[in-house]
Amino acid sequence: MDQCDCTNENIGGHDGSSDSLEDLQDSRAADTAEEEELCVSFQSKYFNLYPLYQDYQAYCEAESDDLNKRNTGFLSALTIPQELDTPIIAYCSSVNYTSFQQLSNAGNICLAEAPLVRRSTLWRDLEEVKASGLLTRLPEEEIKLQELMFELIGSEVSSLNSLTVAVKHFYASKELKQSLTPMEHHHLFSNICQIMAASKKFLMDLEGQLEESVLISQVEDIVLQHCPEFHRVYVPYVINMRYQETMVNQLLQQNRDVLHLIENIESHTDCQRQNLRSFLVLPFQRITRIKLLLQSILKQTKPDADSKSNLEKAIAAIHKIVTECDKGVRKMEHIEELVYLDRLLDFGKMKSVPLVVSGRVLLHQGPMRHSCFSSVYLHLFNDLLVISSKKYWFQHAGFTVMDHAEFPRHVKVKHVQTELLGPPPDSFLLHLSKSHTGQPTTMKLAGETRSDTEVWMKLLQCKR
């Protein structure tokens, strides 16, 4: 296989800064021994054959009754918030994602007919377990708990299997690297090598514990031990995923050579008919699935068990990582929005206001009727109000800034009682105690509808 030059790269370039070529080159000058170590496949002691994680995740999605109902956000679309009452891995078969979805939508999944991945996919099937006599001594509830903890190990094998394929065939492809700029390659794969390394260490510790005692325990302690590393590698990867998806679309639509290269890699037997996108989305799917598995383990754990406290801590720690991922994605969305608006606003001869500021968020925008002008357009941020008039050039719309003021400090509104031939119905008085000129200014505004006016008044009266 190609030598993998996995590096300790962090994503960048999405908060107004950008990675320099020198930084990327320095990053790729990592220690050769470490790079080669990352590309050595981990051999599980308990699973000789295992499906790609896409098949495992596809089955999890197929089990969800309301899978097609949840499509409310970028991150939520990648998760299936359900608890796992029974082990799933035992029934996973090597079929592709599309097949699973078709079966799920048709309601035709039959677990009894799904071929097993391997005869020892369940904890009770391990030769060590059979020889120990535990199956005759343990109550069924404890066996079920062992199966759930064993699934945490098995599903990590599956996840690492897919990550290894992604790194070995896509990331390390010399042809693909030569067809991309260093920056494109960096943003396409982000720190996926670091995630693979973290997965390998996590799995080694899980299997090490199982090797010490066939009666599995303390998985929550191992999760807690690895959470700092999970946070370090998963959060930047997931934040980068929005740009990753955009880059994949651009490459596949605009670069026919890259398209053919990727299709050729996808046709490799190791990829099992899975496409590049399915490999790139795996890290976030995995970190959320760990949380769900821990929740199922907790549900099966006795209330007075010593492990209960650390299980709750482990779930909270993983939840914090998922939350940080979500916050990071939302922050990037806000920055993208500010960058876009910054290009549209023309301050003319007045002193311009930099829009791309840390912590700034667009709260609301829209047209308003003005007593003197036909209309104005308001952009309300959490710390700034910009009043503009729409303009058009080369078939594109933009805005000429008329005034702006610090919000909410210098912004006040007052409802106006309209009279015959007076201001439009449902008007309000917008008072800027200090506008861009340094002087106070006042204007009467009205929304397109009564509800528009009420929304604007409520937002502009808000004291933040």
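Above this text sits the structure in question.
Everything numeric here is computed off the predicted structure, so don't read it as measured data. (Residues numbered from 1 in each chain as written. Predicted model: local features only at pLDDT ≥ 70, side-chain atom pairs only at ≥ 80, totals over all residues. Heavy atoms only, no water.)

### Observations concerning the packing of helix α7 (residues 140–171) against helix α14 (residues 282–300)
- For the pair α7 and α14, interaxial distance at closest approach is 9 Å and the crossing angle is 175 degrees. Between α7 and α14, the interaxial angle falls into the category roughly antiparallel. In this structure, α7 uses Glu 141, Lys 144, Leu 145, Leu 148, Met 149, Glu 151, Leu 152, Ser 155, Glu 156, Ser 159, Ser 162 and Leu 163 to contact α14, whose residues at the interface are Leu 282, Pro 283, Arg 286, Ile 290, Leu 293, Ser 296, Ile 297 and Gln 300.
- Its residues assigned to classes, the contact of α7 with α14 shows 10 nonpolar, 5 polar and 5 charged. (Axes fitted to C-alpha atoms, helices over the stretch in contact; angles between N-to-C directions. Helix = DSSP H or I, 4+ residues; strand = E, 2+ residues; numbered from the N terminus. Parallel < 35°, antiparallel > 145°, perpendicular 65-115°, else oblique. Contact = heavy atoms within 4.5 Å. Nonpolar A, V, L, I, M, F, W, Y, C, P; charged D, E, K, R; others polar.)

### Comments concerning the pattern of salt bridges
- Inspection of the entire model under this criterion finds 13 salt bridges.
- Of the charged contacts in the structure, one is a salt bridge between Asp 270 and Lys 168, with a shortest N-O distance of 3.9 Å. Of this pair, Asp 270 sits in the loop between α12 (256–266) and α13 (276–280) while Lys 168 sits in helix α7, and the two are 102 residues apart along the sequence.
- Looking at Lys 168, the relative accessible area reads 30%, which means it is partly exposed.
- One salt bridge connects Glu 333 with Arg 242, and the closest N-O pair in it is separated by 3.3 Å. With Glu 333 in helix α15 (residues 308–344) and Arg 242 in helix α11 (residues 219–254), the pair connects residues that are 91 residues apart, well separated along the chain.
- Looking at Glu 333, the relative accessible area reads 29%, which means it is partly exposed.
- When salt bridges that share partners are traced, they join Arg 124, Glu 140 and Glu 147 into one network. (Salt bridge = Lys/Arg side-chain N within 4 Å of Asp/Glu carboxyl O. Buried < 20%, exposed > 50% of the residue type's maximum accessible area, 1.4 Å probe, protein only.)

### Notes on α12
- Residues Val 258, Leu 259, Leu 261, Ile 262, Ile 265 and Glu 266 constitute the buried set of α12. For α12, the angular spread of the buried residues around the axis is 165 degrees, confining them to a single face. Those residues of α12 that are exposed and angled more than 90 degrees off the buried face are Arg 256, Asp 257 and Asn 264.
- Next to the buried residues of α12 lie α7, α8 (174–179), α11 and α13.
- Its side-chain oxygen placed 3.2 Å from the backbone nitrogen of Asp 257, Asn 255 serves as the N-cap of α12. (Arc of directions from axis to C-beta. Polar contact = N/O pair within 3.5 Å; in protein donor to acceptor, adjacent residues only side chain to side chain.)

### Observations regarding the packing of α11 against α14
- At a minimum axis separation of 9 Å, α11 and α14 run at an interaxial angle of 150 degrees. Between α11 and α14, the angle is such that the two are roughly antiparallel. For the crossing formed where α11 meets α14, the hand is left-handed. Residues Val 219, Val 223, Phe 230, Tyr 234, Tyr 237, Val 238 and Met 241 of α11 form the contact with α14, whose participating residues are Pro 283, Phe 284, Arg 286, Ile 287, Ile 290, Leu 294 and Ile 297.
- Residues that form the contact of α11 with α14 fall into these classes: 13 nonpolar, no polar and 1 charged. (Left-handed = near helix turned anticlockwise from the far one by under 90°.)

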